[in-house]
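Results of the structural survey
Residues per chain, in single letters:
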Amino acid sequence: MKFASTRPPHVRPARSVTRVMGEVLLALVPATVAWTWFFGPGILYNMAVATATALACEAAVLALRGRAVRPHLADLSAVVTAILLAFCIPPLTPWWITATGAAFAILFAKQLYGGLGYNPFNPAMAGYVVLLISFPEQMTRWLPPLLELAGTMPAALDAWQTLVFTLTGTLPTGTGWDALTGATPLDDLRTQLQLAVPVDQVRAAPLYGVFGARGWEWTAAWIGLGGLYLLWRRVIRWQIPAAVLLGVCLPAALAWLLAPAAYPPPTFHLFSGATMLCAFFIATDPVSAATSPRGRLVYGFCIGLLIFVIRSWGGYPDGVAFAVLLMNMAVPAIDHFTRPRTYGHAG
Amino acid sequence: MAAACRAGGGGTAVNPARLWHFHGGLKLDARTARAAAAPIGAVPLPPRLVLPLSQHVGQPAEPAVSPGERVLKGQPIARPNGYVGAKVHASSSGTVVEIAPHPVPHPSGLSAPCIVIETDGLDEPWTGYEPITDFTALTGPELRARVRAAGVVGLGGAAFPTAVKLGAGSGLKRLILNGAECEPYICCDELLLRERAAEVLTGAQVLLQALDIARCVVAIEDDKPAAQAALEAAIRAAGDARIEVVAVPAIYPEGGERQLIKVLTGEEVPARGVPPDIGYLCQNVGTAAAVARAVTRGEPLISRIVTVTGDGVAAPRNLEVRLGTPVAALVEACGGYTGQAAHLLMGGAMMGFPLADDSLPVIKATNCIVAASREEVRPRAPVMPCIRCGECAEVCPAQLLPQQLYWHARSDDLEPLDDYHLFDCIECGCCDLACPSQIPLTQYFRYAKTELWARQRDRARSDIARERFEARRERLDAEQQARKKRLEEKARAADEARGDEQARKAMIDAALERVQARRGSDRDDSPGSGA
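Residues numbered from 1 in each chain as written. Chains lettered and ligands numbered in written order. Predicted model: local features only at pLDDT ≥ 70, side-chain atom pairs only at ≥ 80, totals over all residues.

Focus: the overall build of chain A
Secondary structure summary: chain A contains 18 helices and zero strands in total. Overall, the C-alpha framework of chain A stretches about 80 × 50 × 30 Å when taken along its three principal axes. Expressed as a percentage of its 347 residues, the buried residues of chain A come to 50%. Put simply, of all contacts in chain A between residues at least 6 apart along the chain, 76% involve residues at least 24 apart. (Helix = DSSP H or I, 4+ residues; strand = E, 2+ residues; numbered from the N terminus. Buried ≥ 20, exposed ≤ 12 C-beta atoms within 10 Å, placed from the backbone. Contact = placed C-beta atoms within 7 Å.)

Some details on the interface of chain B and chain A
Size of an interface: often given as the accessible area lost when the parts come together. The interface is formed by 51 residues belonging to chain B together with 35 residues belonging to chain A. Mapped by element, the contributors of at least two residues to the side of chain B that touches chain A are strand S15 (343-346), strand S16 (353-354) and helix H14 (430-434) of chain B. Element by element, the count of residues in the side of chain B that touches chain A is highest for S15 of chain B, at three residues. Across the side of chain B that touches chain A, the residue classes tally to 32 nonpolar, eleven polar and eight charged. (Nonpolar A, V, L, I, M, F, W, Y, C, P; charged D, E, K, R; others polar.)

So, the domain arrangement of chain B
All names here are of chain B. Segmenting chain B into domains produces domain 1 (18-346) and domain 2 (384-521). Using only C-alpha atoms to locate each centre, domain 1 and domain 2 end up separated by 44 Å. Counting from both sides, the interface comprises nine residues of domain 1 and, opposite them, ten residues of domain 2. Its residues assigned to classes, the side of domain 1 that touches domain 2 comprises four nonpolar, five polar and no charged. (Domains from an automatic or database assignment.)

Some thoughts on the sheet that holds strand S10 (residues 215-221) of chain B
Residues and elements named next belong to chain B. If you trace the four strands from one edge of the open sheet to the other, you get S11-S10-S9-S12, paired in parallel fashion. Pairing within the sheet leaves two strands with one partner each, and these edge strands are strand S11 (243-248) and strand S12 (280-284). For this sheet the average axis-to-axis angle between neighbouring strands, irrespective of direction, equals 25°. Along the sheet face, helix H9 (residues 285-297) touches strand S9 (174-179), S10 and S12 and points at about 80° away from the line of S12. (Pairing = 2+ DSSP bridges. Axes fitted to C-alpha atoms, helices over the stretch in contact; angles between N-to-C directions.)

Points about the pairing of S10 of chain B
Residues and elements named next belong to chain B. Among the seven residues in S10, seven count as buried, and that is most of the element. Of the two faces of S10, both are covered, the one formed by Arg215, Val217, Ala219 and Glu221 as well as the one formed by Cys216, Val218 and Ile220. Direction of pairing for S9 relative to S10: parallel, over a ladder of six bridges. Its bridge partner being in S10, Arg174 is matched across the sheet by Arg215. Pairing of S10 with S11, which is carried by six bridges, proceeds in the parallel orientation. Of the residues in S11, the one forming a bridge with Ile220 is Ala247. Handedness of the β-α-β unit built from S10, helix H7 (residues 225-238) and S11 comes out right-handed. (Right-handed = clockwise from strand over helix to strand, strands pointing away.)

Quick word on the confidence of the model for chain B
All names here are of chain B. Summary statistics for chain B give a mean pLDDT of 89 and a share of 95% for residues scoring 70 or more. Below a pLDDT of 50 lies the segment residues 1-12, which in the model reaches 22 contacts outside its immediate sequence neighbourhood of four places, other chains included. Below pLDDT 50 for its whole length, residues 526-531 participates in zero contacts with residues either more than four positions away or in separate chains. Listed scores for the predicted complex are pTM 0.84 and ipTM 0.88. (pLDDT = per-residue confidence, 0-100.)

Some thoughts on unusual backbone geometry
In the segment running from Pro8 of chain A into Pro9 of chain A, the intervening peptide bond is cis, with an omega of -5°. Each neighbour pair has its own omega, and for Tyr252 of chain B with Pro253 of chain B the value is 0°, a cis peptide bond. Within the secondary structure, Pro253 of chain B sits in the loop between S11 and helix H8 (257-265). Positive phi, normally seen in glycine, also occurs at His421 of chain B, with a value near 60°. Here His421 of chain B is to be found in the loop between helix H13 (415-419) and H14. Positive phi is not limited to glycine here, since Gln438 of chain B has a value of about 60°. Within the secondary structure, Gln438 of chain B is located in the loop between H14 and helix H15 (441-530).

Notes on the pairing of S15 of chain B
Residue and element names in this part refer to chain B. Along S15, one buried face is formed by His343 and Leu345 and the opposite face, lined by Leu344 and Met346, is buried too. Here four bridges tie S15 to strand S17 (residues 368-372), and the two strands are oriented antiparallel to one another. Residue Leu344 lies in a different strand from S17, and its bridge partner there is Ala371. Bridge count for S15 against S16 is two bridges, and the pairing is antiparallel. Along S16, the bridge assignment pairs Leu345 with Pro354. Taking the residues between adjacent antiparallel strands as the criterion, S15 and S16 are bridged by six residues, where Gly347 takes a positive phi near 105°.

Structure follows, in C-alpha cells:
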C-alpha cells in the first residue's frame, strides 16, 4: 500500500498569524468600548476609515508584487495596524487625514520594506508620526470625556454630527472648535508646569482623575486588561510590557520624589496618554521589536525611559511614537548583543 | 534516598526531590492511550525478511553469508566494518536469497544493500552464543565483547552501537537509563517497563558492572505511573539499592539525552562533547533490556518492541517484532488498516518520517509505526513570512534563535549559521510547531547542516587537492632544481674538463714547440755537423 508524504512534525500547530492578530484585535475590544463611552463614536469611524484604507493599500501592493492577496489580507496584520493607528488619533478627525496615516503606514512603513515581517519600524507609529508632523493642529484637537460634570465640560457632538465631520471635515453650524475640544491632560499638565503651577494644583482641576485624567485613566485600565489577556493567551511575553512600564515608572518616581511639585507621580504617567497602549500593544509588535528575552527587556526599558524623557523635557506632550520608532532603529544592535547562551556553551 | 545519593560518589547527586528544567520544550498530547492499553503482542513469521546492512550509526556491516546459504535464527549474517559498527543477525531460520539494494526506512527514501532471507517457518535457533548464569563474574571488556557480538545498538532511535558507548572509560558518576519517552504515539518503552521490568533491571546491573559505575538512575515520565511502579517493584524484589527510579515531568523533548541530563543533574553536556565528558552515560531502557538478553541469555538483537498506532490502524498496540519484518505485517497483526489511513510514519509525531509504502522493513531503530488519518497530521498550510515573534526561541530546548537561523538559511547565507550554533540544533521540531507562520524551520536547518557539511567536505577535498597540487609543484620544482644543478655540475665538470684539455693542449703545444725548437736547432746544427 502506498502513502502520501508529509513533513515532520506531524502535530497540528495551535497558532497562526491570523490567530495571533485576531487575539490582539479581541484584546482591544474593551478599550474600544471604553473609548467610545468616554469620547464618543469618533474612534469607530476612524477605525473604519483606517481599516478600509489599510486593506485597500495592502491589497493593491500585494497585487502589484504578484503575491497572493487573500492569505495576506486574512492575516489581519493590516487591520491591527489600522486599529492601533485609530487609537492614536483624535476622535474628531476628517477621513482623509486618517486615510493618509493608514496609507503611509501600509505603503511606506510596511510594504516598501517587503511587507509583513520585514518592516523595521512599527507601521502604526510611522503613520501616526507622519500625521503628527503634517497635521499638528488636527492631531492635537482632543475631546474631553463625555461626563456629567455640572457644566464644566463643553458640549459634545452626537454620533451623526461626528460622522458628518469625519466625512466632510466641517463642524455643525454654530459650533466652534473652542467649544468642543480641549487639551489632553498631558498637554495641559505640560503647559501649566511651564507656567510654574505645582502639580497638585494642576491635578485638582476637574479634568484630572484618581491616577491620570478622567476617561483617559479608564481607557488605559481597559487597555491594560486587554494586555493581560494577551499575556494569558501567550500572544505576547511579559518582558516588553514589564520593561516599558518599569522604564516609565522608575525615572518618573525618581523625579517625583526629588521634585514633587514639578513632576507628576509615576501612576499619572502610567494612566495617561498611550503608556498602556504602548506597553501591551505597540512596543510588543513582534516584527519591529527585539526578539531575545534579554533584548526585549532592554528594548522595552529604553522605550519607557524615552517616553518619560520626551514627556518631561521634549517638544511633544506624549512621546510614545517617537520612543518606539527610535528604539526600532536600535533593534538590530540590541539583538546582536543580547543573544541567549546556547545549551552546552559557556556564557 | 538523598543520603544514599551522596554516599554514591563524587559529583552532583541526582536528587529526586530536586529536578531542574531544560529550556523551552512543549507539553504535547501523548496519544498513547489506545496502544498502551493492550499488552505486547506478536507478529506471525513473515515469508521474507529484509535486513539492511546499515541499521546503526557508523559504517554499514559487511555480509558474512552468500546467497543460497541456509542461516539459523540468531546467526550472524553481517560483520561490523570498523570500530563504530554493529553485527546483523538472521532474525529467523531460512535461506539467504539475495544480497542487493532494497528500499530502506530512511528519511531520504533511498535504497541500501540488504540481506534478504526466505524463512522456512522452523525458527531453528543458532547456538553460537553461550548463555551465562552469573554475569558478575565477567570483566568489563568481556561484557562489552558480548554486547558487541550481539549487535546491540541504542534502541531509543539513534541506533548508536552500544559496545562503542560502553568504551566511554572509567570514573563515571552515574548511569542514566532513559525511559522518558516524550514523543507523541510512542509507548514501546512504557510497555517494556510494565511487562519486562526485571529485564531492564538486569540490563542496568550489567551496564553498571561493565562500566564500573556505582549508581544508576532510571528516568520515567510522570504520566507513566504503572511503568514506574513495575520497575520499582522489580528493584525492591532484587534489593538493589544502586538503582533508583525518578519521575520526570512529561515535556517534549525530555527524552533527548542532553535535556534529560539537564533535568536530572542541572549540568549541561558541552556543545562539542558527549555525556561521559561530565561523568554521565545515557542508555535507553530498551537498550538495557537488549543488553541483558545479550549478556545473560546469549541472545543477539533480532527483535524489538514497536508501537503500532494511529487512527489508520484498527487495534493499536505494541508488538514484539523480528527485525526485517515488513511494516504491512505489523499493521496486519493489529487488525489491519481502517479506512482513514492516509499517511504512514516511522517514529513519533514530532521527528518521525513518512514512509512511501508499507513493504519497508522494521529495523533496529524502529520504535513506532503510525498509520495516521488526514486529521492527525499537520495540514499543508501556506507558509507566511516570519513575524519575529520569537516563539521558536522560547520553545527551543537548545536555547538557539531559530528565527535568526532561518533568516540566514533562507537567504542561503550559511557562513553565519555556525556562529548561531546551528550544529547544536537537535531537530526536535518544537520551533516548527510553535511557529504561527507555519515555516518548516527544522527542514531549513537540516538543509543548512547538510549543505555546510557538503561545503566542508568540498573544502577538505579542495584542500587536499590544493595540497597535492602544491606538493606536486614543489616536487617538480625540486626536480627541476636538481636537474638544473646536475646540468650545471655537468657543465662545470665539462668546463673543468675543457680547461684540462686546454692545459694539455698548451702543454702539448709547449712540448711541440720545444720539440720543434729543438729540431730547428738540430737542423741548424746538423748541416754543419752533417757537412
